[in-house]
Amino acid sequence: GAVVSQHPSRVICKSGTSVKIECRSLDFQATTMFWYRQFPKKSLMLMATSNEGSKATYEQGVEKDKFLINHASLTLSTLTVTSAHPEDSSFYICSAGDRGLSGYTFGSGTRLTVV
Amino acid sequence: EDKVVQSPLSLVVHEGDTVTLNCSYEVTNFRSLLWYKQEKKAPTFLFMLTSSGIEKKSGRLSSILDKKELFSILNITATQTGDSAIYLCAVEPISGAGSYQLTFGKGTKLSVIP
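A brief structural summary.

Calculation criteria
- Residues numbered from 1 in each chain as written.
- Chains lettered and ligands numbered in written order.
- Predicted model: local features only at pLDDT ≥ 70, side-chain atom pairs only at ≥ 80, totals over all residues.
- Heavy atoms only, no water.
- Helix = DSSP H or I, 4+ residues; strand = E, 2+ residues; numbered from the N terminus.
- Buried < 20%, exposed > 50% of the residue type's maximum accessible area, 1.4 Å probe, protein only.
- Contact = heavy atoms within 4.5 Å.
- Phe/Tyr/Trp six-rings, centres within 6.5 Å; stacked < 30°, edge-to-face > 60°.
- Lys NZ or Arg CZ within 6 Å of the ring centre and 35° of its normal.
- Buried area = accessible area lost by both parts, 1.4 Å probe.
- Salt bridge = Lys/Arg side-chain N within 4 Å of Asp/Glu carboxyl O.
- Nonpolar A, V, L, I, M, F, W, Y, C, P; charged D, E, K, R; others polar.

### Some remarks on the side chain of B:N75
Residue and element names in this part refer to chain B. Along the chain, N75 falls in strand β8 (residues 71-76). Residue N75 is classed as buried on the basis of its relative accessible area, which comes to 19%. When neighbours within four sequence positions are excluded, N75 is seen to be in contact with V19, T20, R60, L61 and S62.

### Examining the packing of aromatic side chains
Summed over all chains, the structure comprises six aromatic pairs over all chains. Seen in terms of ring centroids, A:F106 and B:F104 are 3.8 Å apart; in terms of plane orientation they differ by 15 degrees. Their pairing is stacked. With A:F106 in strand β10 (residues 105-106) and B:F104 in strand β10 (residues 103-104), the pair connects residues from two separate chains. As far as burial versus exposure is concerned, A:F106 and B:F104 are alike and both buried. Taken together, A:Y36, A:F106, B:Y36, B:F45 and B:F104 form an aromatic cluster joined through their ring pairs. Sitting over the face of the ring of A:F67, A:K66 holds its NZ or CZ atom 6.0 Å from the ring centroid.

### Some remarks on the environment of B:L34
Locating B:L34 in the fold gives a position in strand β4 (residues 30-38). The exposure class of B:L34 is buried, given its relative accessible area of 0%. Expressed as a C-alpha distance, the spacing of B:L34 and B:A85, which sit 51 residues apart in the sequence, is 16 Å. Those residues in contact with B:L34 that sit more than four places away from it in its chain are A:Q38, A:K42, B:F45, B:F47, B:M48, B:L88, B:C89, B:A90 and B:L102.

### Section: the interface of chain B and chain A
Chain B puts 24 residues into the contact, and the matching count from chain A is 25 residues. Both sides of the chain B and chain A interface together cover about 2100 Å² of buried area, and 56% of this is carbon and sulfur. At the boundary of chain B and chain A, one finds zero salt bridges. Mapped by element, the contributors of at least two residues to the side of chain B that touches chain A are β4, β5 (44-49) and β9 (85-93) of chain B. The residue makeup of the side of chain B that touches chain A, split by class, is 13 nonpolar, six polar and five charged.

Written out as structure tokens, the structure reads:
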């Protein structure tokens, strides 16, 4: 079945540095990728929607210059957290939308800790 | 490798019906099971289950976990058209040093027709 591989699973970085998170669709073409951030109490907030070959659509309140999303190919979308700060520490997860019956395919998430 | 299987993949019911959605899992060092409802944008968190046999309820929705048989069910009674959505199940393992990954199922697409 459809698989989305997300890397790294965990990253610790220093404040002020940038971190790149990758999501790859392994056996299907993901024309659309959704990026989420998980908050306490397990809620997921949609940060942005990326479409292959075009600019991402960011949700209100999400800084597009800080959270750079690139979807250069049908199998790869990346989220780069630039100039990371401790408040960016969170769990980030991607999913590829499937308009068919199988719904959404999620990556396994990335735990980012900024120190 | 952690695995979550949801069934059925798709379900069509009439308003007023009661539905049961299933989620079975295989995970090393289980920590919790999460249920979400996805309509448009982000999945909406419904329940987190950590202990076997304790039912969690929220209005017409309820869920229970069986850690021995490795599954959970989500029940929706007196369904309404607004319940139409994709319901996602995810498991969260205990991992070293407090980090964790979520493994999602493919979801059950529920359609409630008037």
